[in-house]
Amino acid sequence: MHAQDGPADELALGLADGFEAHRDRLRSVAHRMLGSFSEAEDAVQEAWLRLARGGTDDVENLSGWLTTVVSRICLDMLRSRASRREDLAGHQVPDGDPDPDRGGDPEQEAVLVESVGRALLVVLDRLGPAERVAFVLHDMFAVPFDEIAPIVDRSPATTKKLASRARQKVRGAAPALPGTELARQRRVVEAFLTASRAGDIDGVLAVLAPDVVRRADRAAVPPDRPGEIRGARAVAEEIAAFGRNSRFAEPALVGGAVGIVVAPQGRLRLVVAVTVVGERITAYELIADPGRLHRLDLGVLDAVTAAAEPGPPGRISPAGGDPR
């Protein structure tokens, strides 16, 4: 009995070893497509089950086959998610609103979010399912369009257009300011975030104008907090008391200027529209109303920087992705 079972066991072991060699890359692909560690794990596990059921007899390129399978699984999941959002239309649920029951490993989730970038995950969540798959596979993992086309059920030319359209959305509205001005604004905003995360009132005050104004829509602050606060000291003290969300914040393009997205687990909760004059923040607005969030033009600062740098046309940094 053991002699008869031996070859089958060896085959199963070899299949498992072959899959494990690709697991990290598959998880990376799935996470960028889905924006959720737990959903990415589900997609990778489903790919393993399909491999285990079918074997590798007809598979010439295991890496490519697994990438295709995971991508199709993710595309189905994205379409299902989009359908749920359509069903919830009119119920004031913002794009990317996370399901609190999904669970997952918070530490792993945090590592993956940091490796990809919160702003990128927020913008990816605004793409259509086919756009997101085409963009992630081509721009982040260098998969050729003729291999992506069957996955999204389009021609290679149409698939290229999908990725191009997604790329434009990732970059956001064309900045009205030159790159040097954007870089200066970014330095100010990053200094503000660094001080906010540390609860450093003096550091916050150093980047606030004396007459700074903080405004907020009613969805962004509790009923007992005012919609508007004036003066650097009052604003800084509020940040020290209520600025815990700054650990989930990252600079982003907001309407073509440097602002902030607050995105726990990579899911948008709050946008901070910032006004910078000189080296100081003169005003900022907290935006959390779902309708307003949906209408905002958001983009990734690094994508804009990459677009201005020499290199292959239309390519954007993989932001932690494996370019193989």
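Scroll up to find the structure this text is about.
Quick look at the structure, then. (Residues numbered from 1 in each chain as written. Predicted model: local features only at pLDDT ≥ 70, side-chain atom pairs only at ≥ 80, totals over all residues. Heavy atoms only, no water.)

## A short note on the packing of aromatic side chains
The relative placement of two aromatic rings is captured by the distance of their centres and the angle of their planes. Evaluated as defined, the whole model comprises two aromatic pairs. Judged by centre distance (5.3 Å) and plane angle (50°), the rings of F19 and W48 are tilted. You can see F19 sitting in helix α1 (residues 2–34) and its partner W48 sitting in helix α2 (residues 37–54), a full 29 residues away along the chain. Of the residues examined, F19 reaches a relative accessible area of 1% and is grouped as buried. Seen in terms of ring centroids, F192 and Y284 are 5.7 Å apart; in terms of plane orientation they differ by 55°. Their pairing is tilted. Here F192 is found in helix α9 (residues 179–198), whereas its partner Y284 is found in strand β6 (residues 280–287), with 92 residues between them in sequence. Neither residue differs from the other here; F192 and Y284 are each classed as buried. (Phe/Tyr/Trp six-rings, centres within 6.5 Å; stacked < 30°, edge-to-face > 60°. Helix = DSSP H or I, 4+ residues; strand = E, 2+ residues; numbered from the N terminus. Buried < 20%, exposed > 50% of the residue type's maximum accessible area, 1.4 Å probe, protein only.)

## Remarks on the side chain of S246
Secondary-structure assignment places S246 in the loop between α11 (232–242) and β3 (249–254). Classification of S246 as buried rests on a relative accessible area of 9%.

## Notes on helix α6 (residues 129–140)
Counted at 1.5 Å a residue, the expected span for α6 with its 12 residues is 16 Å, and the 16 Å between its end C-alpha atoms agrees. With respect to burial, α6 is a largely interior element, 12 of its 12 residues being buried. Taken as a whole, α6 has its buried residues at P129, A130, E131, R132, V133, A134, F135, V136, L137, H138, D139 and M140. Positive phi shows up at A142, right after α6, with a value of about 55°. (Expected span 1.5 Å × (residues − 1).)

## Quick notes on the pattern of salt bridges
In the structure shown here, the tally under the stated rule is 19 salt bridges. A salt bridge links D24 to R27; the nearest nitrogen and oxygen atoms lie 3.0 Å apart. Of this pair, D24 and R27 both sit in helix α1, separated by three residues, roughly a single helical turn. With a relative accessible area of 56%, D24 lands in the exposed category. For R132, the salt bridge is made with D125, and the minimal N-O distance between the two is 3.1 Å. (Salt bridge = Lys/Arg side-chain N within 4 Å of Asp/Glu carboxyl O.)

## Some thoughts on the sheet that holds strand β5 (residues 270–277)
Strand order in the open sheet made by the seven strands is β2-β1-β6-β5-β4-β3-β7, with mixed pairing throughout. Edge strands, defined here as strands with exactly one partner in the open sheet, are β2 (228–230) and β7 (298–299). Sheet topology note: the β3/β7 ladder contains two bridges and is antiparallel. Residue V254 lies in a different strand from β7, and its bridge partner there is L298. Sheet contacts for α9: β1 (208–216), β3, β4 (257–262), β5 and β6; angle to β4, the most-contacted strand, approximately 30°. (Pairing = 2+ DSSP bridges. Contact = heavy atoms within 4.5 Å. Axes fitted to C-alpha atoms, helices over the stretch in contact; angles between N-to-C directions.)

## A look at the pairing of β1
In this structure, β1 lies alongside β6, joined through five bridges in parallel fashion. Paired with V213 across the strands is A283, a residue of β6. Examined bridge by bridge, β1 and β2 share three bridges and lie antiparallel to one another. Residue pairing for β2: R215 is matched across the bridge by E228.

## Points about unusual backbone geometry
One non-glycine residue with positive phi stands out, namely A142, at about 55°. One can find A142 in the loop between α6 and α7 (145–152). In this model, D153 sits at a positive phi of 60°, which is unusual for a non-glycine residue. Along the polypeptide, D153 turns up in the loop between α7 and α8 (156–171).

## Quick word on the nonpolar core
When a protein is soluble and globular, its nonpolar side chains tend to lie buried together. Ranked by internal contacts, the top residues of the largest apolar core, which has 55 residues, are M33, V133, L137, V271 and L298. L137 has contacts with V29, M33, T67, S71, A142, V143, I148 and I151, leaving out every residue within four places of it along the chain. In terms of nonpolar packing, the next biggest core, distinct from the first, is built from 33 residues, L208, A232, V258 and L270 among them. (Core = buried A, V, L, I, M, F, W, Y, C linked by side-chain atoms within 4.5 Å.)

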